[in-house]
Amino acid sequence: MSRIVLVFLAAILSDALSYGQVNVEPNTALLNEGDRTELLCRYGRAINYCRIEIPGEQKVLNLSPVWSKTPGFTYYGAGLNAGQCGVSIEHVKASNNGQVKCSLGVEGEELSGTIDLVVALRPKQPMIELITKPNRDGYFSENTEFHARCIVRDGRPPANISWYIDNMPANKNTNQLQILSTPTHDNVELSTSVQEIKWHLAPEDSNRKLVCRSHHQTDRESVPAQEAAYIIMVRYAPVSQPEASVYGLYLEHTAIVNITIRASPPPTIEWNVAGVVIPQGRTEGRYSAYDPQYLGNDLYNVTLAIGGLTLEDTTKVYQLRASNEIGIADYSVRISSSSKPPSSSLDVAAIVGIVVAIAVLLLIVLLVLFARATGRWCFGGKSLKTPTNETDTESADIKATSTSTATATTTATTTGAGAAHDDDAEDEQQNGGNGGASAASDAERANGKKAKRLPAFAVAILKRFNERDANKHSSKDNNAETGINEQTQDNNTTTTTTAAATAAATTIDGNDNEPKQDKQLVYAELVLKPAQDKTSAASATTATTTTTAATTPPAAAATTNGAATTSPVDGAGKHATEYAEIVYVQKGEGKK
């Protein structure tokens with residue numbers, strides 16, 4: 001509620017102020033001489049009359065929408081009843097510059113307002129004033145601090161100033177623009193603009209044009225900005241430059257060696273070729289030195305002519321000395337019969353080729369990665385295996401290898417059962433017992449842990465055994481028949497050996513429908529042993545298999561896998577026994 005009251009009061013106050021004062025449009029009018037303009041004074045109520053006073057006009061203008069008595073000045077606005085009092089000026093004169101006053105009659109009283117009418121007056125021509133003075137010849141010395149001032153007088157409004165060197169922004173040290181009032185004899189106030197510039201002169205500043213340009217309200221396309229210029233002259237010694245090279249000279253022809261140097265005043269030159277000095281305008285043997293030719297802007301072309309250019313001439317270094325009253329400079333020139341200088345950088349075609357090659361290489365790499373990830377094209381025969389798939393594959397390989405190896409063990413055991421020695425059997429039983437104890441101890445430490453998979457190298461070895469067993473299948477069958485015939489001679493030993501081998505084969509074969517996830521790998525072993533003869537090798541293998549399988553008690557929940565194969569008989573009658581053993585320990589709670 002209070003906010004509404006405040007808004008209402010503000011509106012009333014605004015109306016009261018608008019009724020009590022005269023509003024003007026515009027507050028300031030900036031015009032050029034001869035321009036047309038409209039000036040307006042407004043009041044919130046109807047007015048009785050409208051009177052306007054304009055500087056430079058001798059009478060007051062009493063204006064109305066009904067009549068117009070003064071040529072060049074007419075009423076402007078929506079009418080007296082609308083509270084508007086304005087004037088339209090056809091052509092503004094320079095004498096009209098000043099304050100325009102409007103008087104409005106309202107209910108027996110007179111209200112007034114003012115408008116600033118500024119008629120621009122073009123300033124005078126800019127002028128450059130030298131603060132640093134040159135010598136009597138109009139020259140400055142090198143490294144001299146050049147200091148100048150630009151003055152633009154009698155402008156209305158004040159003119160702005162900008163500096164240029166050879167039609168380019170000077171970009172030198174300038175101070176802030178200063179505005180000074182300069183009243184005239186008729187009490188018309190005008191303004192003068194002043195700005196200074198300074199910097200240290202260098203050889204490249206010689207013969208350059210310094211420009212001071214004024215910018216003013218009166219500038220038009222037909223009337224360009226005014227400016228002042230000054231040519232800077234600098235005296236300096238010949239300017240040194242890096243070693244120059246001249247290419248494209250022809251052997252056995254007259255060679256022209258040119259070099260351009262900068263100097264002020266003009267230099268005097270002399271050439272030195274392999275210790276031979278050739279002054280300008282002189283000839284020594286096949287060498288001729290010409291006088292320097294002025295090219296403008298303190299540049300001079302220096303020429304040396306070599307008659308009958310030889311290959312040896314292209315290996316020399318040509319020394320040039322230029323001097324004037326300021327100083328001396330030495331130059332070195334090398335010449336060559338090559339058509340163009342060796343390129344020190346890659347051209348556009350080479351850069352484009354490199355970019356295209358890199359893009360193609362990146363595309364090929366991306367396509368290969370895509371094909372490998374999705375199994376396409378040349379990678380179509382390969383499949384991505386997850387860790388679960390790899391585990392299943394390894395388990396299947398182990399099962400297949402264990403089955404094949406167990407079969408070979410049973411065959412070898414039957415063959416060598418009748419000829420085995422008791423001492424060898426006892427040794428193998430002791431080893432098997434130690435192995436069983438070690439397996440039980442490892443199972444006790446690994447109890448409660450996740451079963452480990454067979455290492456990849458062991459899988460590869462077992463696969464190799466499986467291939468060798470397949471190749472030797474026929475010879476092993478013959479050995480098995482011989483073992484059956486010999487079994488009748490020692491029934492007890494054969495029965496024990498066969499039962500142990502059968503139990504070992506059953507254990508070795510991974511197809512007992514028991515998952516391997518609940519078993520712990522204890523160790524994997526590969527032993528290659530030379531045997532003395534067929535009987536001892538078979539007996540050792542049988543004892544190892546029997547002991548390994550028998551010494552693992554069921555209470556320990558352990559599974560022992562063994563595999564053995566017998567090599568064919570060589571020329572010396574000796575055999576080699578290949579032996580691999582894989583021990584799993586089944587998990588169990590409270591078992592040791």
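Here the structure is shown first, and the text comes after it.
Residues numbered from 1 in each chain as written. Predicted model: local features only at pLDDT ≥ 70, side-chain atom pairs only at ≥ 80, totals over all residues. Heavy atoms only, no water.

Asks: Quick one: what's the story with the nonpolar core, residue by residue and with numbers?
Replies: Core analysis: the largest hydrophobic core is formed by 28 residues, its most contacted members being I52, I54, V87 and L104. Of all elements in the fold, only β2 (28-32), β3 (37-42), β4 (49-53), β5 (61-63), β6 (73-76), β7 (84-89), β8 (98-106) and β9 (109-120) reach the threshold of two or more residues within this core. In this structure, V87 is in contact with T37, E38, L39, I52, I54, L61, L63, F73, T74 and Y76, ignoring residues within four places of it in sequence. Judged by nonpolar contacts, the second largest core, of 24 residues, contains V246, V273, Y318 and Y331. (Core = buried A, V, L, I, M, F, W, Y, C linked by side-chain atoms within 4.5 Å. Buried < 20%, exposed > 50% of the residue type's maximum accessible area, 1.4 Å probe, protein only. Helix = DSSP H or I, 4+ residues; strand = E, 2+ residues; numbered from the N terminus. Contact = heavy atoms within 4.5 Å.)

Asks: Quick one: what's the story with the sheet that holds strand β30 (residues 328-335), residue by residue and with numbers?
Replies: If you trace the five strands from one edge of the open sheet to the other, you get β21-β30-β29-β23-β24, paired in mixed fashion. One side of each edge strand has no neighbouring strand; the edge strands of this open sheet are β21 (244-246) and β24 (276-279). Pairwise comparison of adjacent strand axes, ignoring direction, gives a mean angle of 25° for this sheet. Sheet topology note: the strand β23 (residues 268-273)/strand β29 (residues 317-323) ladder contains six bridges and is antiparallel. Paired with V273 across the two strands is Y318, which belongs to β29. (Pairing = 2+ DSSP bridges. Axes fitted to C-alpha atoms, helices over the stretch in contact; angles between N-to-C directions.)

Asks: Explain the pairing of strand β12 (residues 145-155) to me, and be specific about the residues and the numbers.
Replies: Counted residue by residue, β12 has eight buried out of eleven residues, so it is predominantly covered. Across nine bridges, β12 lies against strand β17 (residues 189-200) in antiparallel orientation. Following the sheet pairing, R149 is matched in β17 by E196.

Asks: An account of the pairing of β23 is requested, with residue identities and associated values reported.
Replies: The alternating pattern of β23 places I269, W271 and V273 on a buried face, while none of T268, E270 and N272, on the opposite face, is buried. Where β23 lies against β24, four bridges are found, and the strand directions are antiparallel. Looking at the pairing, N272 lines up with V277 of β24. Here β23 folds back onto β24 in antiparallel fashion, the turn holding two residues, of which A274 has a positive phi close to 50°.

Everything listed here is a matter of geometry and, on its own, says nothing about what the molecule does.
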